[in-house]
Amino acid sequence: MDKVFGFAILSFFITAILLVPFIDFLYKRNFKRQRQQTRDPLNKRTPEFDKMSSWKVGTPIGGGLLIIFVVTLLTLWAYGLFSVEVKFWEIFVLLFSFVGFGLLGFYDDMKKTNKSAFFGLRFRQKFVIQWILALIIGVIFYFQLGYSFVYIHWLGQVTLGLVFIFFSAFVVVAFANAFNISDGLDGLSSGLFLISLMAFLVISHSMLDSFLAIFIAILIGSVLAFLYFNVYPARIWLGDVGSLSLGAVLAVIGLLTGKIPAVGVIGGVFVIEVASSLIQILGKKYLGRKILPIAPLHLYFQKKGWEEPKIVMRAWLLGILFAMLGLYLAFL
């Protein structure tokens, strides 16, 4: 356990030292949120969201880049130190999901900051790329790591066979988008992510999976340092490079623990956020009207007049409750 805390502390201090010059670098490169007209997955404008977040124009985005850089380097270093104890494909699937979804998110950030891009991608095209990445992850789980079943306490071991590839891909895509949707208020998604990681750290330690615990600890240290600058009023945002990568890797961590029911519960606030957006999108598409006043859920409370820190703090409290409930399910 001393290795776990050591890597968490090291990750925290490296990220903390680099963050201020990194924020300055983003300002100089004009890699920051621009005034724009945001559109939903149906390519319809979202004027209410633009109005509520207009004061944040100019805040640097792309904080996830630094997190990916620090976590990847420390993880590879740790793998070099403890390679005898680690499955190669375990570390590969973690870093593939982390970096792969991060690169896709970085492309989105390039477009949002009015930087040049090689070609334009619609939401559907980016969604297809997410599924391609996720299916590759599912193939690694099935063929290289030997995952083919889901354990549910009340039902026992449920063998899925090849279906596990599509099931795991769905979990990865769902959490990547859930995290991305939740990343709308200062400190909301990064704080919830830390709470979820704490729960998975307990689970991985109980499984005696020392390297997974080290990877989680490295993530905790880096995101904790980032959160210091991300709380209200944020000096830096994760950007899509951070939200997609962290959401995907959270799903992969959950899948590696094998505690599938606990994954959805520990990340319960993310699930609620993406469900509220999905309900709204389906209502617009098939009913021609909004089902909810506004989505995702955190925007509803913001529209009601709740101050941003109040929404975030209460979401964190709910996240802690979900994490405790998820741990209870994991150890049943």
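Conventions used here
Residues numbered from 1 in each chain as written. Predicted model: local features only at pLDDT ≥ 70, side-chain atom pairs only at ≥ 80, totals over all residues. Heavy atoms only, no water. Helix = DSSP H or I, 4+ residues; strand = E, 2+ residues; numbered from the N terminus. Buried < 20%, exposed > 50% of the residue type's maximum accessible area, 1.4 Å probe, protein only. Contact = heavy atoms within 4.5 Å. Areas by Shrake-Rupley, 256 points an atom, 1.4 Å probe, with all protein chains shown as cover. Phe/Tyr/Trp six-rings, centres within 6.5 Å; stacked < 30°, edge-to-face > 60°. Pairing = 2+ DSSP bridges. 1 Å grid on protein atoms, 1.4 Å probe; cavity = no way out; pocket = protein on both sides within 12 Å on 5 of 7 lines; lining within 4 Å. Points joined across faces, edges and corners; volume = space filled by probe spheres on them. Nonpolar A, V, L, I, M, F, W, Y, C, P; charged D, E, K, R; others polar. Patch = residues over 30% accessible without salt bridge, like charges linked within 9 Å, V, L, I, M, F, W, Y side chains within 5 Å. Salt bridge = Lys/Arg side-chain N within 4 Å of Asp/Glu carboxyl O. Axes fitted to C-alpha atoms, helices over the stretch in contact; angles between N-to-C directions. Parallel < 35°, antiparallel > 145°, perpendicular 65-115°, else oblique. Expected span 1.5 Å × (residues − 1). Polar contact = N/O pair within 3.5 Å; in protein donor to acceptor, adjacent residues only side chain to side chain. Core = buried A, V, L, I, M, F, W, Y, C linked by side-chain atoms within 4.5 Å.

S.K.: Break down the overall build of the chain for me, citing the residues and quoting the values.
M.R.: Looking only at helices and strands, one finds 13 helices and two strands in the chain. Expressed as a percentage of its 332 residues, the buried residues of the chain come to 52%. By sequence separation, contacts in the chain at least 24 residues apart represent 78% of the contacts at least 6 residues apart. Surface exposure of the chain reaches about 15700 Å², of which carbon and sulfur atoms provide 68%.

S.K.: Kindly report on the packing of aromatic side chains, identifying the contributing residues and their values.
M.R.: Summed over the entire model, instances satisfying the criterion amount to 19 aromatic pairs. Here the aromatic rings of Phe92 and Phe96 are separated by 5.9 Å at their centres, their planes lie at 20°, and the arrangement is stacked. Of the two residues, Phe92 and Phe96 both sit in helix H4 (residues 88–112), four residues apart, roughly one turn of that helix. Classification of Phe96 by relative accessible area gives partly exposed; the value is 22%. Residues Phe141 and Tyr147 carry aromatic rings whose centres are separated by 5.1 Å and whose planes lie at 90° to one another, so their mutual orientation is edge-to-face.

S.K.: Any details on the pairing of strand E2 (residues 156–159)? Residues and values, ideally.
M.R.: Bridge count for strand E1 (residues 149–152) against E2 is four bridges, and the pairing is antiparallel. From the neighbouring strand, Tyr151 faces E2, where its bridge partner is Gln157.

S.K.: Please set out the layout of surface pockets residue by residue, giving values where relevant.
M.R.: The volume enclosed by the second largest pocket comes to roughly 220 Å³. Taken together, Leu188, Val269, Ile272, Glu273, Leu297, His298, Phe301, Trp306, Ile311, Arg314, Ala315 and Leu318 make up the full set of residues lining the second largest pocket. Counting residues per element, the ones that place at least two in the lining of the second largest pocket are helix H11 (268–287), helix H12 (297–303) and helix H13 (308–330). Ranked by the residues each element gives to the lining of the second largest pocket, the list is headed by H13, at four residues. Tallied by class, residues from the lining of the second largest pocket come to nine nonpolar, one polar and two charged.

S.K.: Describe a nonpolar patch on the surface, with residues and values.
M.R.: On the surface, a nonpolar cluster with roughly 720 Å² of combined accessible area is contributed by Phe5, Ile9, Phe13, Ile17, Leu18, Phe69 and Leu73. Elements represented by at least two residues in the nonpolar patch include exactly helix H1 (2–28) and helix H3 (63–82). The element contributing the most residues to the nonpolar patch is H1, with five residues. Its place among the elements puts Phe5 in helix H1.

S.K.: Could you give an account of the packing of helix H7 (residues 188–206) against H11, with specific residues and numbers?
M.R.: Interhelical geometry of H7 versus H11 gives an angle of 140° and a closest axis separation of 9 Å. When the interaxial angle is binned, H7 and H11 end up oblique. Along its contact with H7, which presents Leu188, Ser189, Leu192, Phe193 and Ser196, the element H11 presents Val269, Phe270 and Glu273.

S.K.: Residue-level account of unusual backbone geometry, with values.
M.R.: Cis geometry is found at the peptide bond from Tyr232 to Pro233, where omega equals -15°. Mapped onto the elements, Pro233 comes out in the loop between helix H8 (210–230) and helix H9 (239–257). Put simply, Ala295 and Pro296 share a cis peptide bond, and its omega is 0°. Take Pro296: it is sitting in the loop between H11 and H12. In this structure, Asn30 takes a positive phi of about 55° despite not being glycine. Inspection of the secondary structure assignment puts Asn30 in the loop between H1 and helix H2 (47–52).

S.K.: Summarise H11; cite the residues concerned and give the values.
M.R.: Taking 1.5 Å of rise per residue, the 20 residues of H11 would be expected to cover 28 Å, and the 27 Å separating its terminal C-alpha atoms lies within 8% of that figure. Of the residues making up H11, those classed as buried are Gly268, Val269, Phe270, Glu273, Ser276, Ser277, Gln280, Gly283 and Lys284. Taken from the residues just after H11, Gly288 is the one with a positive phi, measuring 75°.

S.K.: Give a description of the side chain of Ser97 that names residues and reports values.
M.R.: Structurally, Ser97 is set in helix H4. Of the polar contacts made by the side chain of Ser97, one reaches the backbone oxygen of Leu94; its length is 2.9 Å.

S.K.: Account for the side chain of Lys126, with residues named and values stated.
M.R.: Mapped onto the elements, Lys126 comes out in helix H5 (residues 123–144). Only 2.8 Å separates the side chain of Lys126 from the side chain of Asp108, close enough to count as a polar contact.

S.K.: Outline the nonpolar core, supporting the account with residue identities and numerical values.
M.R.: Phe141, Val172, Phe193, Leu219, Leu246 and Ile253 are the most contacted members of the largest nonpolar core, which has 96 residues in total. A total of 15 residues in this core trace back to one element, the largest contributor, which is H8. Every residue in contact with Val172, bar those within four places of it in the chain, is listed here: Phe101, Ala134, Ile137, Ala248, Ala251, Val252 and Leu255.

S.K.: Please provide a residue-by-residue account of the pattern of salt bridges, values included.
M.R.: Taken as a whole and judged by the stated rule, the model has one salt bridge. A salt bridge links Lys126 to Asp108, with the nearest nitrogen and oxygen atoms 2.8 Å apart. On the criterion of sequence distance, the pair formed by Lys126 in helix H5 and Asp108 in helix H4 is long-range, its members being 18 residues apart.

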